[in-house]
Amino acid sequence: MPLTMDNVKAIILDMFAAGTDTTFITLDWGMTELITNPIVMEKAQAEVRGIVGERRIVLESDLPQLHYMKAVIKEIFRLHPPVPVLVPRESMEEITIDGYNIPAKTRYFINAWAIGRNAESWENPETFEPERFMGSTIDFKGQDFELIPFGAGRRSCPAITFGTASVELALAQLLHSFDWELPPGIETKDLDMTEVFGITMHKIADLIVVAKPHFPYKNT
Ligand code: HEM
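Residues numbered from 1 in each chain as written. Predicted model: local features only at pLDDT ≥ 70, side-chain atom pairs only at ≥ 80, totals over all residues. Heavy atoms only, no water.

Caption draft 1: Spotlight on the site of the ligand. For the ligand, the set of nearby residues contains 23 residues, the closest of which are Val-87, Arg-89, Pro-149, Arg-155 and Cys-157. Between an oxygen atom of the ligand and a main-chain N or O atom of Val-87, the distance comes to 3.3 Å. Side-chain polar atom of Arg-155 to an oxygen atom of the ligand: 2.5 Å apart, as the coordinates give it. Looking at the shell around the ligand, the elements that each hand over two or more residues are helix H1 (5–36) and helix H5 (160–177). (Near = heavy atom within 4 Å. Polar contact = N/O pair within 3.5 Å; in protein donor to acceptor, adjacent residues only side chain to side chain. Helix = DSSP H or I, 4+ residues; strand = E, 2+ residues; numbered from the N terminus.)

Here it is, written out as structure tokens:
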């Protein structure tokens, strides 16, 4: 298959556009939820530190053992899907769903954000509670329609494995290397949880936190 310079440029652009924002947003909302839920933060840190030990760098081979942290990430995706209404689709033919007639060539959006907070699927939907995923088979691979941060079907995110590994590795390293606190005088109730609506969904306000190194400084 011949590849032109334009093809290569388009692929690189796709990776930057689709890949950086989504990962950053997940970590931004994730750290915000963890700092507001210190018991969850403690449990996740204890797990990572228990597995990685004194080694400074988290390795990809550590990730399969971080069951609680994976549940934390599912919960971040449930409440804060970085692409809240997925990408627009168009119906190829006329179809009736639940009595609603949808003509061919209708553009429609799937509200993954609302699906993640639907009280018919989730107990205490507004509460950040990673425990709900411990011992549960619900995953975000596109088979469980109540949790679809990467979409579902043939048009779903082609980088689900890479995206997940990037978030897991980065979050594990942040939890392992630092203890996190809000700046003096700031309380969790002061954090602005307002979302900015768009194709990707940022926090309106930057998260400002104090990172205290967990390991003593070593001049190596
Ligand atoms: C936390 C990480 C990520 C999340 C939550 C995410 C989510 C999504 C979602 C929801 C879609 C639309 C799927 C649909 O409508 O069914 C999508 C599409 C896409 N994603 Fe991701 N993504 C992530 C990371 C990445 C990364 C790291 C890359 C590339 C390196 C990437 C590349 C793409 C591309 C190219 C598409 C468009 C696919 C198409 O046009 O068919 N994503 N992503």
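Caption draft 2: Just the coordination of the iron atom of the ligand, in detail. Of all protein atoms, Cys-157 (SG) alone acts as a donor to the iron atom of the ligand, lying 2.4 Å away. Relative to the assigned elements, Cys-157 resides in the loop between helix H4 (112–116) and H5. (Donors = N, O, S within 2.8 Å, 3.2 Å for Na, K, Ca; no water.)

Caption draft 3: Quick peek at H5. Between the first and last C-alpha of H5 there are 26 Å, a value that for 18 residues agrees with the 26 Å anticipated at 1.5 Å per step. Those residues of H5 that fall on the buried side of the exposure criterion are Gly-163, Thr-164, Ser-166, Val-167, Glu-168, Leu-171, Ala-172, Leu-175, His-176 and Ser-177. Contacts from the buried residues of H5 go to H1, helix H2 (38–52), helix H3 (67–79), strand E5 (178–181) and strand E8 (210–213). (Expected span 1.5 Å × (residues − 1). Buried < 20%, exposed > 50% of the residue type's maximum accessible area, 1.4 Å probe, protein only. Contact = heavy atoms within 4.5 Å.)

Caption draft 4: Molecular detail of the side chain of Asp-28. Among the secondary structure elements, Asp-28 is positioned in helix H1. We note that Asp-28 is buried and unpaired, the nearest opposite charge coming from Lys-203 at a distance of 4.9 Å. If we skip the residues at most four places from it in the chain, Asp-28 touches Lys-203 and Leu-207. (Lys, Arg positive; Asp, Glu negative; His and termini not counted. Salt bridge = Lys/Arg side-chain N within 4 Å of Asp/Glu carboxyl O.)

Caption draft 5: Expanded view of the nonpolar core. Grouped together as the largest cluster of nonpolar side chains are 37 residues, with contacts concentrated most on Leu-34, Val-48, Met-69, Val-72, Leu-171, Ala-172 and Leu-175. For this core, the secondary-structure elements that each account for two or more residues are H1, H2, H3 and H5. Considering each element in turn, this core owes the most residues, eight residues, to H3. Apart from residues lying up to four places away in sequence, Leu-171 is in contact with Leu-27, Met-31, Leu-34, Met-69, Val-72, Ile-73 and Ile-76. (Core = buried A, V, L, I, M, F, W, Y, C linked by side-chain atoms within 4.5 Å.)

Caption draft 6: Main features of the pattern of salt bridges. Taken as a whole and judged by the stated rule, the model has 13 salt bridges. A salt bridge links Lys-43 to Glu-131, with the nearest nitrogen and oxygen atoms 2.8 Å apart. Residue Lys-43 is found in helix H2, and its partner Glu-131 is found in the loop between H4 and H5; the two are separated by 88 residues along the sequence. For the salt bridge of Glu-75 with Arg-78, the shortest nitrogen-to-oxygen distance reads 2.8 Å. Here Arg-78 and Glu-75 lie together in helix H3, a separation of three residues that amounts to about one turn. Sharing partners across several salt bridges, the network here consists of Glu-75, Arg-78 and Arg-132.

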